Amino acid sequence: MANNWNIPSSLEQEIRQRDKVCVYCGVEFTSTKVSKKTAASWEHIINDAKIITRENIALCCCGCNASKGQKQLSIWLQSKYCKDKNITSENVAQVIKDAIKNGQ
C-alpha cells in the first residue's frame, strides 16, 4: 500500500504499528490480490488531507473507507453499512473512539 498522502515516514511507521486490523470493522488486512475490500487503505478520520497527525490518520479496510467516503464519522456510524457490519462507537479502535469523543 503506497503512501500518497505526504505522511512522514516516522508517522507512517507508527500508524502501521498501531493499526494492525481495520480501525472500524476489525477485519485483518489482506493483499489486494486476495480481496480489494479487505486491503488496507489510509483513512483521514476528519476528511481533510491536510491534517496529518496520529489522531487523524488511520488504516482501515478499503470496504469501510469506500463506505465512509467524505461523511462525518458520527453520521457514517449511523449508516446501513455500519449497522449491517455491527460497527458501533463502542467496538471501533481507540483512535476512532477518541475522535468521537472530540466531536467527530
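Residues numbered from 1 in each chain as written. Predicted model: local features only at pLDDT ≥ 70, side-chain atom pairs only at ≥ 80, totals over all residues. Heavy atoms only, no water.

You'll find the chain entered in an unreviewed UniProt entry as HNH endonuclease, with Arcobacter venerupis given as the organism.

1. What to know about the side chain of asparagine 56
Residue placement: asparagine 56 occurs in the loop between β1 (40–44) and β2 (57–61). What asparagine 56 contacts, discounting residues up to four positions off in sequence, is Glu43, His44, Ile45, Ile46, Asp48 and Ile51. (Helix = DSSP H or I, 4+ residues; strand = E, 2+ residues; numbered from the N terminus. Contact = heavy atoms within 4.5 Å.)

2. Considerations on the pattern of salt bridges
This structure, assessed with the given rule, holds seven salt bridges. Among the salt bridges present, the one from lysine 68 reaches glutamate 43, with a minimum N-O distance of 3.1 Å. Pair noted here: lysine 68 is in helix α2 (residues 62–68) and glutamate 43 is in strand β1, with a separation of 25 residues, a long-range link. Summarising the burial analysis for this pair, lysine 68 and glutamate 43 share the class buried. (Salt bridge = Lys/Arg side-chain N within 4 Å of Asp/Glu carboxyl O. Buried < 20%, exposed > 50% of the residue type's maximum accessible area, 1.4 Å probe, protein only.)

3. Digging into the packing of aromatic side chains
Under the criterion given, the structure shown has two aromatic pairs. Clustering of aromatic rings is evident, with ring pairs tying together Tyr24, Trp76 and Tyr81. (Phe/Tyr/Trp six-rings, centres within 6.5 Å; stacked < 30°, edge-to-face > 60°.)

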